[in-house]
Amino acid sequence: MSDILGIMTHRIGHPGSFARHAKSALTEKFSGILVYTPRDVNLTTRKITGHIYRGGTWSKQTMPFPKINMDIGFYTGSDVARATLVKKAPSFPFTGYGIGNKIRIQKHLVSSSVLKPYLLPTELVKNAGSFILFLKKYRSVMLKPINGWGGRGIVRVTVEKDHFKVQTNGEMTQTMHAAGLRSYVRRVISKERHIMQQWIDIRNKQGIVFDIRSLMQKRNEGDWQTTGIAVREARRGRITSNLKSGGHAFEARAYLKKEFGDEKGDALANSIREVSEYIPSFMERSYRSRLCELGIDLAVDTHGKLWLLEVNIKPGKMIMRQLYGQKVWEQTLHTHFQYARSLLPKTIK
């Protein structure tokens, strides 16, 4: 039982959907996997009731905490607090830990003199009034859920002559006056907390939004590696470049050279790599916590200025498949399991 790999997620559905995870675990000489949600963990008895894959079959069992666990879940509502509680439990180690919501992440990033020049003005939306003041200062602002991922729920608000323009992904732009905008913002922030961030023009020469994703992963020995750096180009008319909504992936250096010329493009690509390689070890020092994967989102505005948009601990990897092919994508998925194996106590390897 001691070399079962624990996998915590937000929803299980059919355990067979975790066949790929089981295959990777077995390749790394784990005897099987235990798939569970935060609610399946009994912190008092220190037992988990979950779905175990071992010996080629799935079964539901109750067992002690595994010696190492991976967290692949995307939690909402009360499950956020429950997952946090589980990951703080003693003698319940994970390959990587949380870094909090977008405001907490921003506070850590802004404390670095290296990263500060790349960061956009970002604040928590306390109320509709604070949002209007921020909007009047920066003229165009992104409204983002504080725990959002994958471009979900992002809204762009722009000051026009005597009204405001509100634009969401793939939907018609709405025009509002001050009273309408205030009630709109109140409604949005009543559902979940949001941040407001200065909007920058990150459209290419064809007027299409693009950004850059750096995927950083830990190797067996715990050293960080740059798995890939890719441009994500949005579908025309969208305000974010998420691939799931029809975006495309491109090799970063070639794309930047095409947009900004050879010299500037090379300089930007080099800066992106330097910033990406600096962030993982900085974050681990700043949080005093172990991390295993990071998706670092950067952008270049129309003036050629580089910006750091976000840092994610559970980055999607489809961009690696689109850019580098099936084999590289599979290795990218497998890297996390190799690192998990390296964290097992030596006595049970």
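Along each chain, residue indices are assigned from 1 in the same order as the chain's sequence is written. Confidence filtering applies because this is a predicted model: local features only for residues at pLDDT of at least 70, side-chain atom pairs given and counted only at 80 or more, and all residues used for totals across whole chains, interfaces and linings. Hydrogens and waters are ignored; side-chain quantities use all the structure's heavy atoms.

In this section: the pairing of strand β17 (residues 306–312). Burial analysis of β17 places seven of its seven residues in the buried class, the great majority of the element. In the sheet, strand β16 (residues 293–300) pairs with β17 via six bridges, with the strands oriented antiparallel. Opposite L298, over in β17, you have L308 as the bridge partner. Buried means the residue's accessible area, taken with a 1.4 Å probe over protein chains only, is under 20% of the maximum for its type, while exposed means over 50%, and partly exposed covers the values in between. In DSSP terms, a helix is any run of H or I states spanning at least four residues, a strand is any run of E spanning at least two, and both are numbered starting from the N terminus. Here the rule is simple: two strands pair whenever DSSP picks up at least two bridges between them.

Below, the discussion takes up helix α6 (residues 252–260). Structural remark: α-helix, 3.6 residues per turn; residues separated by three or four positions point the same way. Every buried residue of α6 is listed here: A252, Y255, L256 and E259. Each buried residue of α6 lies within a common arc of 95° when the element is viewed along its axis, so the set occupies one face. An arc is given here, and it is the one of the directions from the helix axis to the C-beta atoms.

Next up on the list: the layout of surface pockets. Of the voids in this model, the second largest pocket is the one considered here, and its volume is about 220 Å³. Breaking the lining of the second largest pocket down by element, the ones donating at least two residues are α1 (19–27) and α9 (326–342). Amino acids are sorted into nonpolar (Ala, Val, Leu, Ile, Met, Phe, Trp, Tyr, Cys and Pro), charged (Asp, Glu, Lys and Arg) and polar (every other residue, Gly among them). Among the residues forming the lining of the second largest pocket, the class breakdown is two nonpolar, four polar and three charged. Two kinds of site are reported from a 1 Å grid over the protein atoms alone, namely cavities, where a 1.4 Å probe fits but cannot get out, and pockets, open sets with protein on both sides within 12 Å along at least five of seven lines, and residues are called lining when an atom falls within 4 Å of a point. Grid points are joined across faces, edges and corners, and a volume is the space filled by probe spheres set on the points.

Attention now goes to the sheet that holds strand β11 (residues 174–176). As summarised here, the arrangement of the six strands in space is β7-β12-β8-β9-β10-β11, forming an open sheet in which the pairing is antiparallel. Two strands lie at the open edges of the sheet, namely β7 (122–124) and β11, each paired on one side alone. When strand polarity is set aside, the average angle formed by the axes of neighbouring strands in this sheet is 25°. In this sheet, strand β10 (residues 164–168) lies alongside strand β9 (residues 155–159) in antiparallel orientation, the contact comprising five bridges. From the neighbouring strand, T158 faces β10, where its bridge partner is K165. Residue contacts are counted whenever heavy atoms from the two residues lie within 4.5 Å of one another. Throughout, an axis means a line fitted to C-alpha atoms (over the contacting stretch in the case of helices), and angles, computed between N-to-C directions, take values from 0 to 180 degrees. With respect to the sheet, helix α4 (residues 128–138) is in contact with β7, β8 (140–145), β9, β10 and β12 (194–198), its orientation differing from that of β8 by roughly 140°.

Let us look at the confidence of the model for the protein chain. For the protein chain, mean pLDDT is 92; residues scoring 70 or higher make up 94% of the total. Each residue carries a pLDDT score, the predictor's confidence in it, ranging from 0 to 100. Element-level pLDDT for the protein chain is lowest in helix α8 (residues 318–324), with a mean of 89, against a maximum mean of 98 in helix α7 (residues 262–287).

Take a side-chain nitrogen of Lys or Arg and a carboxyl oxygen of Asp or Glu: if they are within 4 Å of each other, that pair is a salt bridge. This model, assessed by the stated rule, comprises 15 salt bridges. We note a salt bridge from K102 to E310, for which the minimum N-O separation is 2.9 Å. With K102 in helix α3 (residues 102–110) and E310 in strand β17, this pair connects stretches of sequence that are 208 residues apart. Note on accessibility: K102 and E310 belong to one class, buried.

Before going further, it helps to examine unusual backbone geometry. Positioned with a positive phi, S91 is a non-glycine residue whose angle comes to about 55°. Along the polypeptide, S91 turns up in the loop between α2 (78–88) and α3. Here S91 falls in the exposed class, since its relative accessible area comes to 59%. A positive phi angle, close to 70°, is found at R139, a residue other than glycine. Looking at the secondary structure, you find R139 in the loop between α4 and β8. A residue is classified by how much of its surface remains accessible, and R139, at 46% relative accessible area, is partly exposed.

What follows is about the environment of V188. With respect to the helices, strands and loops of the structure, V188 is situated in helix α5 (residues 178–191). V188 sits in the buried class, given a relative accessible area of 16%. The spacing of V188 and L143 is 45 residues in sequence and 9.3 Å in space, taken between C-alpha atoms. Contacts of V188, omitting those with residues within four sequence positions, involve L143 and H194.

In this text, buried Ala, Val, Leu, Ile, Met, Phe, Trp, Tyr and Cys residues form a nonpolar core when linked through side-chain atoms within 4.5 Å. Of all hydrophobic cores here, the largest spans 30 residues; its most connected members are L109, I279, M283, L294, L308 and V311. The set of elements that each furnish at least two residues to this core consists of α3, β13 (210–218), β14 (224–233), α6, α7, β16 and β17. By residue number, the principal contributor to this core is α7, which donates eight residues. When residues no more than four places from it in sequence are discounted, the contact partners of I279 are L115, L294, I296, L308 and V311.

What follows concerns the pairing of strand β2 (residues 32–36). The two faces of the sheet receive side chains in turn, since in a regular strand these alternate between them. With respect to burial, β2 is a largely interior element, five of its five residues being buried. Burial along β2 is two-sided: G32, L34 and Y36 and I33 and V35, pointing in opposite directions, are all buried. Here five bridges tie strand β1 (residues 4–8) to β2, and the two strands are oriented parallel to one another. By the bridge assignment for β2, I4 is matched with G32. Once you follow β1 into α1 and on to β2, the crossover reads as right-handed. In the sheet, β2 pairs with strand β4 (residues 47–54) via four bridges, with the strands oriented antiparallel. The residue bridging G32 from the neighbouring strand is R54, located in β4. Handedness of a crossover: with both strands directed away from the viewer, a clockwise path from the first strand across the helix to the second marks it as right-handed.

This paragraph deals with the packing of aromatic side chains. Working definition: rings of Phe, Tyr and Trp (its six-membered ring) pair if their centres are within 6.5 Å, and the pair is stacked with planes under 30 degrees apart, edge-to-face with planes over 60 apart, and tilted otherwise. Overall, the coordinates contain nine aromatic pairs when judged by the stated rule. On the numbers, 5.2 Å between centres and 40° between planes, the contact of F92 with F94 is tilted. For the residue pair F92 and F94, the accessibility class agrees, reading buried in each case. Taken together, the ring pairs connect Y36, F65, F92, F94 and Y97 into an aromatic cluster. Whether a charge sits over a ring depends on NZ of Lys or CZ of Arg being within 6 Å of the ring centre and within 35 degrees of the ring normal. It is R156 that lies over the ring of W199; its NZ or CZ is 3.5 Å from the centre. The ring of W307 is capped by K305, whose NZ or CZ atom sits 4.1 Å from the centre of that ring.

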